[in-house]
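Read off the chains here:
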Amino acid sequence: MNHFSHVRRAARWIAWCLAGFIVFATWGPQHLRPHIGDAQVERFSAYFVTSAAFVVAYPKRPVWIAITSVAVAIFLELGQLLVP
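Figured I'd write up the structure that's included with this text.

Calculation criteria
- Residues numbered from 1 in each chain as written.
- Predicted model: local features only at pLDDT ≥ 70, side-chain atom pairs only at ≥ 80, totals over all residues.
- Heavy atoms only, no water.
- Salt bridge = Lys/Arg side-chain N within 4 Å of Asp/Glu carboxyl O.
- Helix = DSSP H or I, 4+ residues; strand = E, 2+ residues; numbered from the N terminus.
- Buried < 20%, exposed > 50% of the residue type's maximum accessible area, 1.4 Å probe, protein only.
- Axes fitted to C-alpha atoms, helices over the stretch in contact; angles between N-to-C directions.
- Left-handed = near helix turned anticlockwise from the far one by under 90°.
- Contact = heavy atoms within 4.5 Å.
- Nonpolar A, V, L, I, M, F, W, Y, C, P; charged D, E, K, R; others polar.

### Description of the pattern of salt bridges
Thought 1: Applying the stated criterion across every chain yields a total of one salt bridge.
Thought 2: With a shortest N-O distance of 3.8 Å, Glu-77 and Arg-43 are connected by a salt bridge. One end of the pair, Glu-77, is in helix H3 (residues 62-79); the other, Arg-43, is in helix H2 (residues 39-57), with 34 residues separating them in the sequence.
Thought 3: By relative accessible area, which is 30% here, Glu-77 ends up partly exposed.

### Some points on the packing of H2 against H3
Thought 1: Close contact between H2 and H3 brings their axes to 10 Å; oriented N to C, the two are set at 145°. Where H2 crosses over H3, the handedness of that crossing is right-handed. From H2, Arg-43, Tyr-47, Ser-51, Phe-54 and Val-55 reach across to H3, where they touch Ile-65, Ser-69, Ala-73, Leu-76 and Glu-77.
Thought 2: Along the lines of polarity and charge, the residues of the contact of H2 with H3 split into six nonpolar, two polar and two charged.

Take a look at the structure:
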């Protein structure tokens, strides 16, 4: 294995953990959600960093990652209507 395979493996782990954190932060209990600053900046930063991690983890699929990121964001935001 070369160095890049280790980086990609770590990036995959980080990317999926970040994605799980976004789901928790979006649908989790209000009192457990992190609040660092402006909500719009938080959302943009979370999706940007997570998408960047996925691009590092899966470098041959940047368009798929971009489309999926937008679809997941829409799904999670609409899902908030169903979560108490």
